[in-house]
Amino acid sequence: MAESKVSPTPLLKDELDIVIPTIRNLDFLEMWRPFFQPYHLIIVQDGDPSKTIKVPEGFDYELYNRNDINRILGPKASCISFKDSACRCFGYMVSKKKYIYTIDDDCFVAKDPSGKEINALEQHIKNVLSPSTPFFFNTLYDPYREGADFVRGYPFSLREGVPTAVSHGLWLNIPDYDAPTQLVKPLERNTRYVDAVLTIPKGTLFPMCGMNLAFNRDLIGPAMYFGLMGDGQPIGRYDDMWAGWCIKVICDHLGLGVKTGLPYIWHSKASNPFVNLKKEYKGIYWQEELIPFFQGVTLPKECTSVQKCYIELSKQVKAKLGKVDDYFNKLADAMVTWIEAWDELNPPAGKSAELTNGPKK
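The shown structure was predicted, so the numbers you read here are calculated from the model rather than taken from an experiment. (Residues numbered from 1 in each chain as written. Predicted model: local features only at pLDDT ≥ 70, side-chain atom pairs only at ≥ 80, totals over all residues. Heavy atoms only, no water.)

Q: Even after reading the chapter, I still don't get the overall build of the protein, so can you show me in this structure?
A: Summing up its helical and strand segments, the protein has 10 helices and 9 strands in all. For the protein, the C-alpha radius of gyration of 20 Å lies close to 21 Å, the compact-globule estimate for 361 residues. Its C-alpha atoms put the protein at 55 × 55 × 50 Å along the principal axes. When burial is assessed residue by residue, the protein has 51% of its 361 residues classed as buried. Considering only contacts in the protein between residues 6 or more positions apart, those separated by 24 or more positions represent 74%. Accessible surface computed for the protein: about 16,900 Å², of which carbon and sulfur atoms make up 54%. Taken together, the 42 basic and 44 acidic charged side chains of the protein have centroids lying 1 Å from each other. (Helix = DSSP H or I, 4+ residues; strand = E, 2+ residues; numbered from the N terminus. Rg over C-alpha atoms; globule rule 2.2 N^0.38 Å. Buried < 20%, exposed > 50% of the residue type's maximum accessible area, 1.4 Å probe, protein only. Contact = heavy atoms within 4.5 Å. Areas by Shrake-Rupley, 256 points an atom, 1.4 Å probe, with all protein chains shown as cover. Lys, Arg positive; Asp, Glu negative; His and termini not counted. Charge placed at Lys NZ, Arg CZ, Asp CG, Glu CD.)

Q: I tried to follow the UniProt feature "site: Required for activity" (unreviewed entry) in the protein on my own but got confused; where do I start?
A: In this numbering, the UniProt entry assigns the feature "site: Required for activity" (unreviewed entry) to R152 and R159. Here R152 falls in the exposed class, since its relative accessible area comes to 85%. By the secondary structure assignment, R159 is in the loop between α4 (120-129) and β6 (164-173). Sequence-distant contacts of R159, that is, excluding residues within four places in its chain, are made with Y144, F150, V151 and Y154. (UniProt positions renumbered as here; feature names shortened; annotations may be inferred.)

Q: Got a minute to help me understand the nonpolar core in this structure?
A: Here is a general trend for soluble globular proteins: nonpolar side chains tend to be buried in one another's company. Counting residues in each nonpolar core, the largest one holds 70 residues, and the members touching the most others are L73, V166, I220, Y225, W242, Y310 and W338. For this core, the element with the most residues is helix α10 (residues 327-345), which contributes 11 residues. Those residues within four positions of L73 in sequence are excluded, and the remaining contacts are I80, F90, M93, A341 and L345. Listed in part, the 31 residues of the second largest apolar core include L26, F36, V128 and W171. (Core = buried A, V, L, I, M, F, W, Y, C linked by side-chain atoms within 4.5 Å.)

Q: For this particular structure, what's the right way to read the packing of aromatic side chains?
A: Both the distance between ring centres and the angle between the ring planes are used here to describe each pair of aromatic rings. Taken as a whole and assessed by the stated rule, the structure comprises 22 aromatic pairs. Measuring from ring centre to ring centre gives 4.9 Å for Y225 and W338, while their planes differ by 20 degrees; the resulting arrangement is stacked. You can see Y225 sitting in the loop between α6 (217-220) and α7 (239-254) and its partner W338 sitting in helix α10, a full 113 residues away along the chain. Note on accessibility: Y225 and W338 belong to one class, buried. Every member of this aromatic cluster is reached through a ring pair, and the members are Y238, W242, W245, Y281, Y285, W286, F293, F294, Y327 and F328. For the cation-ring pair, R159 lies above F156, with the distance from its terminal atom to the ring centre recorded as 3.7 Å. (Phe/Tyr/Trp six-rings, centres within 6.5 Å; stacked < 30°, edge-to-face > 60°. Lys NZ or Arg CZ within 6 Å of the ring centre and 35° of its normal.)

Q: Explain the pairing of strand β9 (residues 257-267) here, please?
A: In summary, the side chains of a regular strand alternate between the two faces of the sheet. Burial runs high along β9: 10 of the 11 residues are buried. Where strand β5 (residues 107-108) meets β9, 2 bridges bridge the pair, whose relative direction is antiparallel. Note on β9: the bridge partner recorded for F108 is W266. Pairing of β6 with β9 involves 9 bridges; the strand directions are parallel. When the bridges of β9 are listed, V166 appears paired with V258. With 3 bridges joining them, strand β7 (residues 197-199) and β9 adopt antiparallel strand pairing. (Pairing = 2+ DSSP bridges.)

Here it is as structure tokens:
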């Protein structure tokens, strides 16, 4: 790059928050500094709130621990998971920005096949700012990308696309596998860089991973609830999966798009498969009933907002999944609590909510 070139203004600098759940010092941010420093960070500290988390100098951030969550949400804090990265969704709720990017603290900057460092955030922003095509598949993948277009036979009436609500990125090195797959393929690493972004078709569910994910908070934020996981719950590691199934049926209903593919991050370390198996055990067999449930969900046309869709979904969860396990009755109630808390902190235009106590700087 020529020295004289002025570096471009970071895209959406004042419209995007980066949400990071963590239990440790955030040294990993040093590597991301060239890409993340212009943005505001929301750090959600899990685990022991008396522990001090160190953040490298020069980042603009607010940090919330469990005490802050309890103070801000009061009794409604029961909907936020503890001792599980699902706590990240608290950051979505307190953000005041239009867009969110969330990343795990074991995710590093990846390189593309030419050896160039990948600015994951920039690619996510491109994904959410360009339309999606959920109603008709384009065989050249993303038609809005430079050097591509809609192919012959693609209906002109659908070429405008629909607004993109979610951009789901991928991972090089350690793939996001469940515990049984980790156990049988302990040495498997993902080295395949696929240079593509796809819109996930309407009516198709997908496994959403929360470690490299961006979304338009205005379009889908209230449905990005990562459920009840971790401490005191019978299940873990299904937080992002649950959110992904919920957002997909709601996006399909509201005519919004979900993309997957680029950008890649470098996932640095595999979690313990035996610990994971304990967390996932129930989910692995529950999902055989959960998936048909979500495939069969229909939302009435009166559900015109994300909140209305989500409350309706919670009723269907209680009615149909409550009999799978009582956990789903608790989860359905927590879904309602989450929406109530969201609306308190994010009142409709004209009303204003105040955090009872601001975050710690």
